[in-house]
Amino acid sequence: MSQITVLTRNIQIKYLASKFSKASFYSTILWIINILYPWMIVYHSDGLWRRVELYWEQPDVHFRFEIISLIHVSNSSVPGGKLFWTSCNQCNSRIDQRMIRVPSITNFENDLDEDGKYDEFHMNLRIPVEKNEDITGVQLFLFFNYKLQEKVNFQMDSLIYLEKWTNVPASSITFLGDIKFNQKEPLSAKNFPPKFLNFHGEIEEKLDLSKVNEILTHYHRKRSYSTTLSPSSLRLVNYANDPTDDDFQINVQLKYVNDLFQYTPSIWFMVKWAWIQYFSVFIVAYLIVRRIKVWIFDNRLADTLVVMENYAHKYVSF
């Protein structure tokens, strides 16, 4: 009659030894190796603690309706050959009124994927110029509110600086680009300090047309976090002068794209990642050490009492 397997059971084998025997010494040494070896591998490979992490997020960006425009002209009676205007009335009052040219501005922001965050920014500035005035340069400061909220709670005033110089008189200039986040240190998971939330107010207090470079230096070099236009995405379009048009036009089209951010994770995240790394190596080390133990005691390299189920044998190595 054919037979079938109805039950499979492992045989339990125990190796017994006194506390101060050679077998206990071997077992203790192998146990220490099993604990320390995974830690050494993880520590010397990529580190046990992940102090800086990366993640992608589309920032929540809003235009603050705050602008500083500086237009350079030739063949003009304007002092210094500069046309100036800012959204701050107090700043305009401190400037020679012959330099003030109030533009006509239209702007809007689009939420293309309807996720509650704007994806595009469009602006058109029409600056009145006289017939004999030729535009030679454009400097434009746009202020935005920049917010992150997925991994970190972060908010700041950000600046986008646009600049174009031309030797050919133009009637229109178009700026196309993606807003890029720059950081000199990782973001913190804690609430962001408020010292970066009033940057436009600082510029208004210290505004000087002869110190535009100092504004940019203050923004990019003295701040840990800033925004610029991505160099790979920036496009400048310069249109030839149109004698029939009395206005100089500046068109701005910016995209609020996903960006890569560095941040310091919480302590629980670091503990979780450290445990995953350690445990993955510990399992492999445990299997290797266990095989070494079985080989030592099966080959009688130490005095042990072998107990197999209910039947005992004593093996003594010589």
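Here's what I pulled together on the structure shown here. None of the values given here were measured: they were computed from a predicted structure.

### Things to note about the environment of G137
So, point 1. Within the element layout of this structure, G137 appears in strand β7 (residues 134-148).
So, point 2. Judged by relative accessible area, G137 falls into the buried class, the value being 1%.
So, point 3. Residues G137 and I173, 36 residues apart in the sequence, show an inter-C-alpha distance of 9.9 Å.
So, point 4. In this view, G137 contacts L70, I71, H72, K164 and W165; residues no more than four positions away in its chain are not counted.

### Examining the pairing of strand β9 (residues 170-183)
So, point 1. Counting buried residues along β9, 10 of its 14 residues qualify, which places the element largely inside the surrounding structure.
So, point 2. Across 7 bridges, the pairing between β9 and strand β13 (residues 247-255) is parallel. Within β13, the position partnered with T174 by the bridge is N251.

### Details of the packing of aromatic side chains
So, point 1. Summed over all chains, the structure comprises 19 aromatic pairs.
So, point 2. Pairing Y55 with F261 gives two aromatic rings, centres 5.7 Å apart and planes at 35°, and the pair type is tilted. Here F261 lies in strand β14 (residues 259-264) and Y55 lies in strand β2 (residues 53-57), a separation of 206 residues in the sequence. Summarising the burial analysis for this pair, Y55 and F261 share the class buried.
So, point 3. Aromatic side chains Y278 and F282 sit 5.9 Å apart centroid to centroid with 25° between the ring planes, which places their arrangement in the stacked category. Here F282 and Y278 lie together in helix α5 (residues 267-298), a separation of 4 residues that amounts to about one turn.
So, point 4. Among the aromatic side chains, those forming a connected cluster through ring pairs are Y55, Y146, F154, F181, Y225, F261 and Y263.

Cut-offs used in this document
Residues numbered from 1 in each chain as written. Predicted model: local features only at pLDDT ≥ 70, side-chain atom pairs only at ≥ 80, totals over all residues. Heavy atoms only, no water. Helix = DSSP H or I, 4+ residues; strand = E, 2+ residues; numbered from the N terminus. Buried < 20%, exposed > 50% of the residue type's maximum accessible area, 1.4 Å probe, protein only. Contact = heavy atoms within 4.5 Å. Pairing = 2+ DSSP bridges. Phe/Tyr/Trp six-rings, centres within 6.5 Å; stacked < 30°, edge-to-face > 60°.

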